[in-house]
Amino acid sequence: MLKTRIIPCLDVKDGRVVKGVRFVDLIDAGDPVAAAEAYDAAGADELCFLDITASHEDRGILLEMVRRTAERCFMPLTVGGGVRTVEDVRTLLRAGADKVSINTAAVKERAFVREAAEKFGSQCIVVAVDAKAVDDGGGAPRWEIFTHGGRNSTGLDAVDYAQEVVGLGAGEILLTSMDRDGTKSGYDLALTCAISQAVHVPVIASGGVGTLDHLVEGVRDGKASAVLAASIFHFGTYSIDEAKAHMAAAGIPVRRDPPVAHDLAASAEEGA
Amino acid sequence: MHVAILDYGSGNLRSAQKAFERAARERGLAVEIAVTDRPEEVAAADRVVLPGVGAFADCKRGLDAVPGLSEALTEAVIGNSRPFLGICVGMQLMASVGREYEEAEGLDWISGEVVRLEPADPTLKIPHMGWNTLRVRASHPLLGDIETGEDGWHAYFVHSYHLKAAERDRVLAETDYGAAVTAVVARDNMAGTQFHPEKSQRLGLSLLGNFLEWRP
């Protein structure tokens, strides 16, 4: 049986991990490669790097970080942030990313999604959907696509947009509620459910996790295929295994394989 | 021992190389893992690995586009009976024919076709993406110390097509995704996995170690 994935997400800037609180308050919280190795050893099902300043910074630091991570971690790695061209996708995949997440560039030019999917295959093209609830007085909930960390409205309906990018070849949707991101008040379940049921590809729920029950809700009520969280894992509030135990107890199938020993330990044993 | 991972422009092969190196270290094996597009290196290798990501026909074209590479692969695997491992689309290429987007001929080492996944349950997402268990149909050294079955270890899959073998005996293991999905195929000195062992943590490193020690 296919298991529900738990995906820690590392926001990175200048090659260092930062914690994004509504994408504004940034605190340096360590070396991304070391964090990736720790998550690999802890049994994370995938890892996600989001380069939050990629549009302004030198890509070399990010590519080197991806390269070093891919050499040491034996789990899938998704990298996003500042991906604008087919060449950006190619260099990230060549550096060792398994999937590349496209955000603003897909909003600006939908054909880019098709081009990337045709070139590299849908399996490695994730489209990040950043959505915010809008009140248009109609009563029924509606969400719009926002860019630039939730600051810029696009007027695009989130459900329509998700369906459109999947039609163009996106193999997965990384769905973030900009209302909930950084709040620890739980996923926007109505949004997650609306998108999950509207597309035939997997949807990763993101934005707002503060407790382990939130992860359960994302899958049970939001119908997400995978759940992404950052700070609850980064600051040791909960371990990956605690999250999996909690989900398993709630009847959600998760993977709990024996861990791969940390490579440093393996080298030390060899030397002994 | 020299292991050649074929580089024909299909994805990044560094993680596959590093996973093999790690698996070799775990087993205490002295192995040189080369990512190569040089036909002479492939033909002379002790073991050959064919990775692949993307669409079937694209991968086949990529393989055929490197002068002499396809012939070197055949020489090593068919001529010299070297142990062979195909991974993901590299495994699918072992089939007679692929039907993703367009029809394309495969290597025809495992009689059968590569067809779209059609789970009985329409709410199941495509691609089949994530961690799934293996149901073994026939024991094989490649699966040696791996715990299989519903409560066993997991392999990482990401695919929308799978290899439907004409002879069921070629299918070593399946996984369940709305229907039986081919996970591992083998015959003689050849084997292939639909999942990515280099991304499958414990199960993956075990399988790669088993491949390095496999004596068909």
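What this report covers is the structure whose coordinates are included nearby. (Residues numbered from 1 in each chain as written. Chains lettered and ligands numbered in written order. Predicted model: local features only at pLDDT ≥ 70, side-chain atom pairs only at ≥ 80, totals over all residues. Heavy atoms only, no water.)

## Here's the deal with helix α1 (residues 32-42) of chain A
All names here are of chain A.
Step number 1: Within α1, the full set of buried residues consists of P32, V33, A36, E37, Y39 and D40. Along the axis of α1, the buried positions cluster into a sector of 165 degrees, meaning they face one direction only.
Step number 2: Two or three places before V33, at the start of α1, stands the capping residue D31, its side-chain oxygen 3.2 Å from that residue's backbone nitrogen.
Step number 3: Positive backbone phi, approximately 90 degrees, marks G43, located one or two places after α1. (Buried < 20%, exposed > 50% of the residue type's maximum accessible area, 1.4 Å probe, protein only. Helix = DSSP H or I, 4+ residues; strand = E, 2+ residues; numbered from the N terminus. Arc of directions from axis to C-beta. Polar contact = N/O pair within 3.5 Å; in protein donor to acceptor, adjacent residues only side chain to side chain.)

## Looking at the interface of chain B and chain A
Step number 1: Chain B puts 33 residues into the contact, and the matching count from chain A is 45 residues.
Step number 2: When chain B packs against chain A, the two sides together hide about 3400 Å² of surface, and 50% of this comes from carbon and sulfur.
Step number 3: Summed over the shared surface of chain B and chain A, the result is 2 salt bridges.
Step number 4: Across the pair K199 of chain B and D98 of chain A runs a salt bridge whose closest N-O atoms are separated by 2.9 Å.
Step number 5: Along the contact surface separating chain B from chain A lie 19 residue pairs in polar contact (both at pLDDT 80 or more).
Step number 6: Broken down by secondary-structure element, the contributors of at least two residues to the side of chain B that touches chain A are α1 (14-27), β8 (128-133), β10 (154-159) and α6 (201-213) of chain B.
Step number 7: When the residues that make up the side of chain B that touches chain A are grouped by side-chain class, the tally is 11 nonpolar, 11 polar and 11 charged. (Contact = heavy atoms within 4.5 Å. Buried area = accessible area lost by both parts, 1.4 Å probe. Salt bridge = Lys/Arg side-chain N within 4 Å of Asp/Glu carboxyl O. Nonpolar A, V, L, I, M, F, W, Y, C, P; charged D, E, K, R; others polar.)

## A closer look at the nonpolar core
Step number 1: Core analysis: the biggest nonpolar cluster contains 74 residues, and I173 and L215 of chain A have the highest contact counts within it.
Step number 2: At 6 residues, helix α6 (residues 158-167) of chain A tops the list of elements feeding residues into this core. (Core = buried A, V, L, I, M, F, W, Y, C linked by side-chain atoms within 4.5 Å.)

## Overview of the environment of R116 of chain B
Residue and element names in this part refer to chain B.
Step number 1: Assignment of secondary structure puts R116 in strand β7 (residues 110-116).
Step number 2: Classification of R116 as partly exposed rests on a relative accessible area of 40%.
Step number 3: When the C-alpha atoms of R116 and L69 are compared, they prove to be 28 Å apart, with 47 residues separating the residues in sequence.
Step number 4: Not counting the four nearest positions on each side in its chain, R116 is found in contact with I126, S160 and Y161.

## A few points about empty space enclosed by the protein
Residue and element names in this part refer to chain B.
Step number 1: Applying the stated criterion across every chain yields a total of 4 cavities of 30 Å³ or more.
Step number 2: By volume, the largest cavity is sized at about 340 Å³.
Step number 3: Those elements that place two or more of their residues in the lining of the largest cavity are α1 and β10.
Step number 4: Of the residues assigned to the lining of the largest cavity, the class counts are 12 nonpolar, 8 polar and 4 charged. (1 Å grid on protein atoms, 1.4 Å probe; cavity = no way out; pocket = protein on both sides within 12 Å on 5 of 7 lines; lining within 4 Å. Points joined across faces, edges and corners; volume = space filled by probe spheres on them.)

## With respect to unusual backbone geometry
Step number 1: That bond from I126 of chain B to P127 of chain B is cis: its omega, 5 degrees, falls within 30 degrees of zero.
Step number 2: Here P127 of chain B shows up in the loop between β7 and β8.
Step number 3: Located in the positive-phi region is K184 of chain A, a residue other than glycine, with phi close to 60 degrees.
Step number 4: Structurally, the position occupied by K184 of chain A is in the loop between β10 (172-177) and α7 (189-198).
Step number 5: K184 of chain A gets classed as partly exposed once you look at its relative accessible area, which sits at 40%.
Step number 6: Even without being glycine, C88 of chain B reaches a positive phi, approximately 55 degrees.
Step number 7: By the element assignment, C88 of chain B lies in the loop between β4 (84-87) and α5 (89-92).
Step number 8: You can call C88 of chain B buried: its relative accessible area is 5%.

## Let's talk about the pattern of salt bridges
Step number 1: Within this structure, the stated rule accounts for 35 salt bridges over all chains.
Step number 2: For R14 of chain B, the salt bridge is made with E71 of chain A, and the minimal N-O distance between the two is 2.7 Å. A residue pair is termed interchain when its members come from two chains, as with R14 of chain B in helix α1 and E71 of chain A in helix α2 (residues 59-72).
Step number 3: On the basis of relative accessibility, which here comes to 22%, the residue E71 of chain A falls in the partly exposed class.
Step number 4: The partner of R27 of chain B in a salt bridge is D145 of chain B, with the nearest N and O atoms 3.6 Å apart. Here the residue R27 of chain B occupies a position in helix α1, and D145 of chain B occupies one in the loop between β9 (135-136) and β10, the gap between them amounting to 118 residues.
Step number 5: The class for D145 of chain B is partly exposed, based on a relative accessible area of 42%.
Step number 6: A single network of salt bridges, built from pairs that share partners, joins R5, E46, K99 and E172 of chain A.

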